[in-house]
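So you can see what is in the structure, the chains are spelled out below.
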Amino acid sequence: MTRTALSALLSHWRRNPIQLFTLLAGLALATALWSGVQAVNAEARASYDAAANTVSEAAFDQLVMADGGPIPQATYVSLRRGGWLVSPVIEGSVGDTRLVGIDPLTASGGIGPVDLQGRADIGAFLSTRGQVFGTEEALAPFAQVAVDPVIRPEVAPGVAYTDIGVAQRILGRAGEVDLLVVALVQPIRQADLAILAPDLIRRPAQAGSDVAQLTDSFHLNLTAFGLLSFAVGIFIVNGAIGLAFEQRRPVVRTLRALGMPLGRLMILIGAELMAMALVAGIIGVAMGYVIAAALLPGVAATLNGLYGADVAGTLQLRPSWWLSGMAIALGGTAIAAAGALWQLARMPLLAAAQPRAMAMAAGRRAQVQGGLAIGLLGLAAILAFNADGLIAGFAFLGSLLVGGALALPLILSNVLAFGAARSHSVLGQWFWADTRQQLPGLSLALMALLLAMAANVGVSTMVSSFRLTFVGFLDQRLASELYVTTNDAIQTQQLIDRITPEVDVILPIQSSQVPIGDYPTEVFGSRDHATYRDNWTFVQALADPWDQVAAGEAILINEQLFRRAGLALGDVVDVSGTSLTIAGIYGDYGNPIGQAVISEDLFAGLYPQIRPNRFGLRIPQGRVDPVRRILTDEVGIPAGNIINQAGIKAFSMDVFDRTFVVTTALNVLTLAVAGFAILMSLLTLATMRIPQLAPAWAVGVTRRQLGWLEVARAILLAALTAVVALPLGLLLAWALLAVVNVAAFGWALPMHLFPTDYARLGLFALVAAAIAALWPAIRLARTPPADLLKVFSNER
Amino acid sequence: MSVNNRIMVCLVVCLIAGQTAAQGFAGLGMDAEGFAIPQPDPTFDFPTDHGPHPDYRIEWWYLTANMTGPDGTDYGLQWTLFRSALAPQAGEGWSAPQLWLGHAAVTTPTDHYVTERIARGGIGQAGAVPDPFSAWIDDWALTGDWQTLSMTATGPDFGYDVDLTAQGPLIFHGDGGYSVKSASGQASYYYSQPFFALDGTLSLQDGDIPVTGQAWLDREWSSQPLSADQTGWDWFSLSFDDGSKMMGFLLRQTDGASYSSATWITPEGQTTAYPNGAFAADPLETSATSGATVPTTWRVQLPDRGVDVTVSAINTDAWMTTSVPYWEGPVRVTGSHAGRGYLEMTGYE
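Below: a short report on this structure. Since the structure is predicted, the reported quantities are computational estimates derived from the model, not experimental observations.

What counts and what doesn't
Residues numbered from 1 in each chain as written. Chains lettered and ligands numbered in written order. Predicted model: local features only at pLDDT ≥ 70, side-chain atom pairs only at ≥ 80, totals over all residues. Heavy atoms only, no water. Contact = heavy atoms within 4.5 Å. Buried area = accessible area lost by both parts, 1.4 Å probe. Salt bridge = Lys/Arg side-chain N within 4 Å of Asp/Glu carboxyl O. Polar contact = N/O pair within 3.5 Å; in protein donor to acceptor, adjacent residues only side chain to side chain. Helix = DSSP H or I, 4+ residues; strand = E, 2+ residues; numbered from the N terminus. Nonpolar A, V, L, I, M, F, W, Y, C, P; charged D, E, K, R; others polar. Phe/Tyr/Trp six-rings, centres within 6.5 Å; stacked < 30°, edge-to-face > 60°. Buried < 20%, exposed > 50% of the residue type's maximum accessible area, 1.4 Å probe, protein only. Lys NZ or Arg CZ within 6 Å of the ring centre and 35° of its normal. Pairing = 2+ DSSP bridges. Core = buried A, V, L, I, M, F, W, Y, C linked by side-chain atoms within 4.5 Å. Axes fitted to C-alpha atoms, helices over the stretch in contact; angles between N-to-C directions. Parallel < 35°, antiparallel > 145°, perpendicular 65-115°, else oblique. Left-handed = near helix turned anticlockwise from the far one by under 90°. Expected span 1.5 Å × (residues − 1). Bend = angle between axes of the 7 residues up to and from the residue.

## What to know about the interface of chain B and chain A
Taken together, the contact between chain B and chain A spans 30 residues of the former and 27 residues of the latter. Surface buried jointly by chain B and chain A totals about 2,100 Å² across both partners, of which 58% is contributed by carbon and sulfur atoms. In this assembly, chain B and chain A are joined by four salt bridges. A salt bridge links Asp-103 of chain A to Arg-120 of chain B; the nearest nitrogen and oxygen atoms lie 2.6 Å apart. The interface formed by chain B and chain A contains 13 residue pairs in polar contact (both at pLDDT 80 or more). For the side of chain B that touches chain A, the secondary-structure elements that each account for two or more residues are α1 (3–17), β4 (112–120), β7 (140–144), β8 (148–154), β9 (159–166) and β12 (187–204) of chain B. In terms of residue count, β4 of chain B provides more of the side of chain B that touches chain A than any other element does, four residues in total. In terms of residue class, the side of chain B that touches chain A is built from 15 nonpolar, nine polar and six charged.

## A word on the packing of aromatic side chains
Residue and element names in this part refer to chain B. One pass over the full model with this rule turns up 29 aromatic pairs over all chains. With a centroid separation of 5.1 Å and 35° between ring planes, the pair formed by Phe-44 and Phe-172 is classed as tilted. A residue pair is termed long-range when its members are at least 10 positions apart, and Phe-44 in the loop between α1 and β1 (58–68) and Phe-172 in strand β10 (residues 171–172) qualify at 128 residues. When the centroid spacing of 5.5 Å and the interplanar angle of 55° are considered together, the rings of Tyr-189 and Trp-221 count as tilted. Remark: Trp-221 occurs in strand β13 (residues 207–222) and Tyr-189 occurs in strand β12; sequence separation between them is 32 residues. The pair formed by Tyr-189 and Trp-221 is uniform in burial state, with each residue classed as buried. Each residue in the set Phe-44, Phe-46, Tyr-56, Phe-133, Trp-146, Phe-172, Tyr-189, Tyr-191 and Trp-221 is aromatic and connected to the rest through ring pairs, giving one cluster. Lying across the ring of Tyr-348, Arg-252 places its NZ or CZ 4.0 Å from the centre.

## Description of the pairing of β1 of chain B
Residues and elements named next belong to chain B. Counting buried positions along β1 yields ten of eleven residues, so the element is predominantly enclosed. For β1 and strand β2 (residues 74–85), the ladder comprises eleven bridges, and the chain directions are antiparallel. Each residue of the ladder has a partner; that of Trp-61, found in β2, is Leu-81. Between β1 and β2, which follow one another and run antiparallel, lie five residues, and Gly-72 among them has a positive phi close to 85°.

## Some points on the nonpolar core
Judged by nonpolar contacts, the single largest core of 59 residues is most densely connected at Phe-396, Leu-446 and Leu-449 of chain A. Among the elements of the structure, α13 (357–386), α14 (390–422), α15 (426–477), α22 (645–698), α23 (703–745) and α24 (755–781) of chain A are those that each provide at least two residues to this core. When residues of this core are assigned to their parent elements, the largest contribution, 16 residues, is made by α23 of chain A. Ignoring anything within four residues of it in the chain, the contact list for Leu-449 of chain A reads Leu-671, Ala-674, Ile-678, Ala-718 and Thr-721 of chain A. Grouped together as the second largest cluster of nonpolar side chains are 44 residues, Phe-44, Trp-146, Val-162 and Tyr-178 of chain B included.

## Focus on the packing of helix α16 (residues 489–499) of chain A against helix α21 (residues 624–635) of chain A
All names here are of chain A. Close contact between α16 and α21 brings their axes to 11 Å; oriented N to C, the two are set at 135°. The angle between the axes of α16 and α21 places the two elements in the oblique class. Crossing of α16 over α21 shows right-handed handedness. From α16, Gln-491, Gln-494, Leu-495, Arg-498 and Ile-499 reach across to α21, where they touch Val-627, Ile-630, Leu-631, Glu-634 and Val-635. Taken together, the residues of the contact of α16 with α21 break down into six nonpolar, two polar and two charged.

## A look at the pattern of salt bridges
Summed over all chains, the structure comprises 27 salt bridges over all chains. Asp-308 of chain B is the partner of Arg-299 of chain B in a salt bridge, and the nearest nitrogen-oxygen pair spans 2.9 Å. Within this structure, Arg-80 of chain A together with Arg-117, Asp-138 and Asp-139 of chain B form a network of salt bridges that share partners.

## Focus on the sheet that holds strand β10 (residues 200–203) of chain A
Residue and element names in this part refer to chain A. The strand order β6-β5-β7-β4-β3-β9-β1-β10 describes an open sheet built from eight strands, whose pairing is mixed. Of all strands in the sheet, those with a lone pairing partner are β6 (148–151) and β10, marking the two edges. The mean inter-strand angle of the sheet, taken between neighbouring strand axes irrespective of direction, is 30°. For strand β1 (residues 62–65) and strand β9 (residues 179–182), the ladder comprises two bridges, and the chain directions are antiparallel. Bridging from a neighbouring strand, Leu-63 pairs with Leu-180 of β9.

## Structural notes on the pairing of β1 of chain A
All names here are of chain A. Burial of the side chains of β1 extends over both faces: Gln-62 and Val-64 are buried on one face and Leu-63 and Met-65 on the other. With four bridges connecting them, β1 and β10 associate as antiparallel partners. Directly across from Gln-62, in β10, lies its bridge partner Arg-203.

## Topic: α24 of chain A
Residues and elements named next belong to chain A. If you check α24, its first and last C-alpha atoms are 37 Å apart, about what 27 residues at 1.5 Å a residue would give, namely 39 Å. Maximal helix bending in α24 amounts to about 30°, located at Leu-774; proline Pro-776 follows within four positions. Listing the buried residues of α24 in full gives Tyr-758, Leu-761, Gly-762, Ala-765, Ala-768, Ala-769, Ala-770, Ala-772, Ala-773, Pro-776, Ala-777 and Leu-780.

Following this line, the structure appears as structure tokens:
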């Protein structure tokens, strides 16, 4: 019996291979999309980690020689023996690569190559010959050096790491180190540093350069969109399963009438679906792999992260990755099938097979659905203004999405009714009415299209906004071509004397920790220069903020201080006894504390004891390398004290460009999936629609006209869906940037709009819908008149 | 002393070195490539043998102490310096193949403070010299002429400075200092100074505490002391109130059996070595610690000396959160003999 029943059930798929294909393809694509977004995430994470390493290298306090010279190795040993947990670092250049020598036995976790503490063979690292870690480009200059290269794509570009002993040998500097990194946790007692090593000065860790929060925010948003992509796929699967169930009602009825117990039937159908989910899941994970391999240039790094490539470089699919992909496929199928199975369970034994039951039931369902949509959107509206936690933020996101999708048929139906009322020609009225009548059968596909477009609008807005913000932030913070740190006043003077003729301007960077409105704040004294005027963007600002700051009357504060202290633009704050007006509020991403900017002169008056030892150098195009050489060779500044912002910026842009390639590809893919769903729905509906088209044909509308009307209808529905999708997508992006992000990190990412992107997207959606409608339309145009005539002879 | 733990610690260093990576724990029993191997009937030469033996793969200076504060509170401390050679040679500079690892701990009835250091010997950051004797890593040091020694260590939340005065002779375990560790003959050189009187200061977060007590210093070196089927180690150093002392250990095997060894020490320092089987230790109670669940109350017997005692941990959570975790802490002894001592347990998962 079971076997017979199974073969009866499976015969449906044999007779409807396209439906089987839709189901499998929808599920596989959903899983692949999910995998693909995970791939982007992993890629971005690896790259940002490397970027963050480059930017925040000075996250620990450091000890350096007061005169900027090398530290004798003996000083390191006597510090250790005095109870100071410090770790030696030596730096130098090999070709264009900055070679950094570290001691892995004493290094704090946060310095050095990303994974040295983990998997690396430290024995080989410590050996006499040694190993050097870096990207392929960074290791190129080591071809002629007696050391074993180890390519690690996650190491920041232009830097190579090796053991300190090996570095001393390569650099020809035996017995010397450049700086000592001070561990965060020190023993309960230590010898006095001033007695132990009077020549050393302690350079505090540089705060505020940590981009980790910014990247965490990016990952959170991308993950949310990964789920969204999956939701699109689930809608498609839901549609396919719903159709299959509908069409198999006669089979089910017959089987049950023959004595098949309902429970066993349900189990059979459930098993059938799970088997399909397994197949589709495997295909989906494999497609995710292909997407990752095809789209990401840093394949080694990414696949390493995603699929757990082993040390030798052969690929292994990581079990957890498979599991998450399969869980998503199985869970998605279960969600999509739950409703259909529920209906099946409640179906009366001898309920008539109703070819149009779906459309009929849809009428009743539409009311429930409409009520649900209004409820969810209402909830979303309440949450939008009151959500103050991560969970509430995601609840907002979820209710907005589902509510928007459920509301779509209702909105379309009303628009179409409105169109019908305004139409005066007979054909026109028939067109509107017929479109509306067709809506229930297409609504799932249209919802998928809606979610796909909303997701695309959201992804584009989010990624582009993030890019603008991040690049703006880097421009603002790293506007100068080179950043230099001097060790003392003498070296500062040498720097100014020697470098002034070589550069456009030297911008001192000086700060003092003072409370503003009871909040600890780092106040910077900034020189009035175009570098700042041109590059800094404000969240809010009065007119001419820099003029007011330069006049010593105003202050600029960061968003964190603004939010935490509840300040407003134009407020007057007290800074070390001076009253200043807030002239501008700037974004300061990833900085945990308050920050403010005042003029250089005012700063010097308020804090005369502070002498700047960090400088930004504005250098004409092409002069950066010569100036860098002068700094190291003539002024004697160690290479590690010079940061080349162009390198960091180019690296970040490269990361973004890679991310863009992948998100664009995913966008196209999502749209293709939605278009595919429309195609499948139209094909399924086509046969059912003959009875509705036949009268139109009978009264004189040609088949060709009917075909064109089909295409026009699909485009109309897609256009209407696009109109709904745009605000939904923008709301999504806003929810992520301004609600979820604030809940998670305490600052909002500014949202930028990209109308041309949206227009292009809308066009794509119309094209996708038109292409999807083309084949059914052609088939319709070629329907033999005999088939149309049969409608009138076959009384149904 | 706690060979197993020390071996495991050294194993980690070896693993780090990538030399025995593929061999795992069993690698300890295998041929020592190029390293010297302990031979029976050793002749020791002091003070030279107080210093390092770079021809042997592993070596340690291992001190434990039972102490009492002014209010009668019991304390325990540990000071350990391990040497692990990547190759059988000394040398200077960063690439010299001698690595050093330090463990220090203070145990109170309620807390257990642990810290660890690791360094290379070739640059002078860690090492040992016999005459005048000194063993050190960073600011930790054990210095003196073995009649008196001073010892110091610091961690993020504790430190100590103590003076040790020998009140008895050196003790040689096994056959005149040749200590067999398995039925198949793996062995080490092993001697102790269990007669140190201790006087010093513990620095804890609440302030300094003057302490007095007794300490036990172990010296051991080898190149392949364990056999492949040995999984863990329970080691006891007990000082009885009548002045006699006992060192005993069980090396647990994969088949459930164990290999035991013990040394009985009279108050005058005369020793009797007991072969496998004479010494017995059976768990009575286990405790969940910050790491594994381990036996913290034992029945310990040496029938030949009429010893049948209960050994219980002063602080059951004396878990060493070092790169190779293990349990090491002070114990109280009751039963046929009363006293105190130290217990070390390794290989518990």
